[in-house]
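Structural overview for review
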Amino acid sequence: MTFLRRVHLLFFAVFLVSAAGAAAGDVLKVGSKRFTESYVLGEVIAQTARATGASVEHRPGLGNTAILFAALKSGAIDVYPDYTGTIAFELLGLPGVPLLSELNRQLSAHGLAAGVFPGFSNAYALAMREADAVGRGIRRISELRDFLDARLGLSPEFLNRRDGWPALSDTYEIGGLAVRGLEHGLAYAALERGEIDVIDVYTTDPQIRRLGLRVLEDDRRFFPEYEAVLLYRLDLPSRHPVAWAAIERLQGTIPAAAMLEMNAAVELGRRDFPEVARDWLEKRPPEAVAGQRSLMSAVFAPDLLRLTLEHLQLVLASLLLSISAGIPLGILAQRVPQAGRWILAGAGVLQTVPSLALLAFLIVLLDRIGALPAVLALSLYALLPVIRGTEVALAGVGDRMRDAGLALGLSRGQLLWVVELPLAVPGVLAGIRTAAVINVGTATIAAFVGAGGYGERIVAGLAVNDHVVMLSGALPAAVLAVLIEWGFRLCERWLRPDCGKS
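This section reports on the structure supplied with the text. A quick note: this is a predicted structure, and the numbers were derived from the prediction, not measured.

Quick look at the pairing of strand β5 (residues 124-129) now. Counting buried positions along β5 gives six out of six residues, so the element sits mostly inside the fold. Relative to strand β8 (residues 198-202), β5 is paired through five bridges, and the arrangement is antiparallel. For tyrosine 124, the partnering residue across the bridge sits in β8 and is tyrosine 202.

As structure tokens, then:
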């Protein structure tokens, strides 16, 4: 088998794997935010719809409110659980929470609607350790003005919401306090260890009771009502009438006590989100079979195969794009040194851009979430090693080999394909191998935009501060990186059977 045919076969195999598993048909797509309650409610909605026979996909932990809203408008998801105060203030910029009819009138301009109230409210609040609050005589948010050395740990979303820290600090005149951003699940642990003094909480958080925290009184009535409600696309009821009818029957079925129990089953009982939702739907107490998960059981959970395939598709699809662009750019960089300096500098700059920032930029540019922005971001990150590997490998071929080819009457194009590229294979593959291994780790960020992969577990673990869940995503990613490294070494031997001979 010739070298070129082997290269074509390898590229075709990568394309087939990266394209495998594409969604077909009209799938009902449920989204959820990156905190416990949203994960659980997303599972309740998904399992309720799935029980009707509908094809349902739950995209958990997509990120903050703005990302979910953009996903809903673009059709990347069909429904997700939110809160009336968040919709009114954060999404629509209203001065208060109006009646549902007015809320829906404003949402209809975006092709959306709010409806189906599960039956509970979950407001924002600020909380402190009880002993600290007693010692300093603090019962109200306004009294934080006298706690000048207070250390606040606030969730990234709360730091930037219209109904969050900017407006709250102005209302209570506490803008001078020291504030740092912390993921919601990690903030409780930091508060317990005494690393921070005040955090933002949701009133249905079970950690409030476990840690005996004092929820500070909102004495200036800053926070609006946050009644749980489903936000959905207007075409959802007509596209999935049977599933939607089942979802509508969730109206008023989840009182605050039940939601608190389900949150506690996840955060304190270390139960899986789907399991807790299933128990509630089957009317079993969430704590009835609570138990500590082992790391191995978490790693080999039923979703391992799905997450592995999704992760592989992200890595291979992005790698295919970076190879398709990177090798020609590497050839150009070697052929035209002046252009090469600009090409390598540009690829280097791309690698300095934080991965989440690049992903956010692509979401805005493409106006969608999911695999496409994730694959594009990963392919841009993989460009530099591919370009550099190709450029260095071709430079190492040597003028003698080129002169010999030209003496045989080969054209410049023939010389490249018949002599230079075959001799440069080890160096080119080394660059591709480096890009692939880097992408295995970087692909975990894809979970933030609903593209799946092992990052789903890592993000879920961060949401509930569960190290076992985080490791159950990190360990398979590490193993996959090692397997890909070995796989490329085997491919190199297959493409160039003589490359290992001296």
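Back to the write-up after that little detour.
Within the structure shown, the criterion is met by 30 salt bridges. Note that arginine 129 is salt-bridged to aspartate 197, the shortest N-O span being 3.3 Å. Of this pair, arginine 129 sits in strand β5 while aspartate 197 sits in the loop between α9 (184-192) and β8, and the two are 68 residues apart along the sequence. Across the salt bridge formed by glutamate 456 and arginine 306, the nearest N and O atoms sit 3.1 Å from each other. Here arginine 306 lies in helix α16 (residues 304-335) and glutamate 456 lies in helix α22 (residues 455-464), a separation of 150 residues in the sequence. Shared partners join several salt bridges into a network, and the residues in it are Asp26, Asp78, Arg233, Asp235 and Arg239.

Let us look at the packing of α16 against helix α19 (residues 371-395). Running from N to C, α16 and α19 cross one another at 40 degrees; their axes reach a closest spacing of 6 Å. Where α16 crosses over α19, the two elements pack in a sense that is right-handed.

Moving on, we come to the packing of helix α18 (residues 355-366) against α19. Here α18 crosses α19 at 130 degrees, and the two axes come no closer than 9 Å. As far as their axial angle goes, α19 and α18 are oblique. Two packed elements cross with a definite hand, and for α18 against α19 that hand is right-handed. On the side of α18, the interface is formed by Ser355, Leu358, Leu359, Leu362, Ile363 and Leu366, while α19 contributes Leu372, Pro373, Ala374, Leu376, Ala377, Leu380 and Tyr381. For the contact of α18 with α19, a count of residues per class yields twelve nonpolar, one polar and no charged.

Bringing the side chain of asparagine 439 into the picture now. Within the secondary structure layout, asparagine 439 lies in helix α21 (residues 412-442). Setting aside anything within four residues of it in sequence, one finds asparagine 439 in contact with Val315, Ser318, Leu319, Leu378, Tyr381 and Ala382.

Assignment of secondary structure puts serine 379 in helix α19. Residue serine 379 is classed as buried on the basis of its relative accessible area, which comes to 7%. Setting aside anything within four residues of it in sequence, one finds serine 379 in contact with Ser318, Leu321 and Ser322.

This part is about a nonpolar patch on the surface. A cluster of nonpolar side chains, namely Met296, Phe300, Leu471 and Leu475, defines an oily patch on the protein surface of about 390 Å² accessible area. Structurally, leucine 471 can be placed in helix α23 (residues 467-495).

A few words on the nonpolar core. If you look at the biggest cluster of nonpolar residues, it comprises 131 residues, and the most contacted ones within it are Ile87, Leu107, Leu126, Leu144, Leu231 and Ile432. The biggest single contributor to this core is α21, with ten residues. Among all residues touching leucine 126, those that are not within four sequence positions of it are Ile141, Leu144, Leu154, Phe158, Leu168, Val198, Ile199, Asp200, Arg214, Val215 and Leu216. The next biggest cluster of nonpolar side chains, apart from the first, holds twelve residues, and it includes Ala125, Leu191, Ile196 and Leu213.

One non-glycine residue with positive phi stands out, namely arginine 221, at about 50 degrees. Accessibility expressed as a relative area gives 75% for arginine 221, which makes it exposed. Look at arginine 270: it is not a glycine, yet its phi comes out positive at around 55 degrees. With respect to the helices and strands, arginine 270 occurs in the loop between α13 (256-267) and α14 (273-281).

Looking now at the pairing of β8. Counting buried positions along β8 yields five of five residues, so the element is predominantly enclosed. Covered by surrounding structure in β8 are Val198, Asp200 and Tyr202 together with Ile199 and Val201, the residues of both alternating faces. Bridge count between strand β6 (residues 151-154) and β8: two bridges; the pairing is parallel. Of the residues in β8, the one forming a bridge with leucine 152 is valine 198.

What follows covers the packing of aromatic side chains. For the structure on display, the rule yields nine aromatic pairs. With a centroid separation of 5.8 Å and an interplanar angle of 85 degrees, the aromatic rings of tyrosine 124 and tyrosine 226 are classed as edge-to-face. Remark: tyrosine 226 occurs in the loop between β9 (213-215) and β10 (228-233) and tyrosine 124 occurs in strand β5; sequence separation between them is 102 residues. Overall, the relative accessible area of 2% leaves tyrosine 226 in the buried class. Pairing phenylalanine 222 with phenylalanine 223 gives two aromatic rings, centres 5.1 Å apart and planes at 75 degrees, and the pair type is edge-to-face. Phenylalanine 223 gets classed as buried once you look at its relative accessible area, which sits at 13%. Taken together, Phe35, Tyr124, Phe158, Tyr202, Phe222, Phe223 and Tyr226 form an aromatic cluster joined through their ring pairs. Sitting over the face of the ring of tryptophan 280, lysine 283 holds its NZ or CZ atom 4.5 Å from the ring centroid.

To continue, consider the sheet that holds β5. In space, the five strands of this open sheet follow the order β7-β6-β8-β5-β9, with mixed pairing throughout. Both edges of this open sheet fall to β7 (178-181) and β9, since each of them pairs with a single strand only. Ignoring which end each strand starts from, the neighbouring axes of this sheet average 35 degrees apart. Contacts between α9 and the sheet are confined to β5, β6, β8 and β9, with β8 contributing the most and set at about 135 degrees to the helix.

Parameters and conventions
Residues numbered from 1 in each chain as written. Predicted model: local features only at pLDDT ≥ 70, side-chain atom pairs only at ≥ 80, totals over all residues. Heavy atoms only, no water. Buried < 20%, exposed > 50% of the residue type's maximum accessible area, 1.4 Å probe, protein only. Helix = DSSP H or I, 4+ residues; strand = E, 2+ residues; numbered from the N terminus. Pairing = 2+ DSSP bridges. Salt bridge = Lys/Arg side-chain N within 4 Å of Asp/Glu carboxyl O. Axes fitted to C-alpha atoms, helices over the stretch in contact; angles between N-to-C directions. Left-handed = near helix turned anticlockwise from the far one by under 90°. Parallel < 35°, antiparallel > 145°, perpendicular 65-115°, else oblique. Contact = heavy atoms within 4.5 Å. Nonpolar A, V, L, I, M, F, W, Y, C, P; charged D, E, K, R; others polar. Patch = residues over 30% accessible without salt bridge, like charges linked within 9 Å, V, L, I, M, F, W, Y side chains within 5 Å. Areas by Shrake-Rupley, 256 points an atom, 1.4 Å probe, with all protein chains shown as cover. Core = buried A, V, L, I, M, F, W, Y, C linked by side-chain atoms within 4.5 Å. Phe/Tyr/Trp six-rings, centres within 6.5 Å; stacked < 30°, edge-to-face > 60°. Lys NZ or Arg CZ within 6 Å of the ring centre and 35° of its normal.

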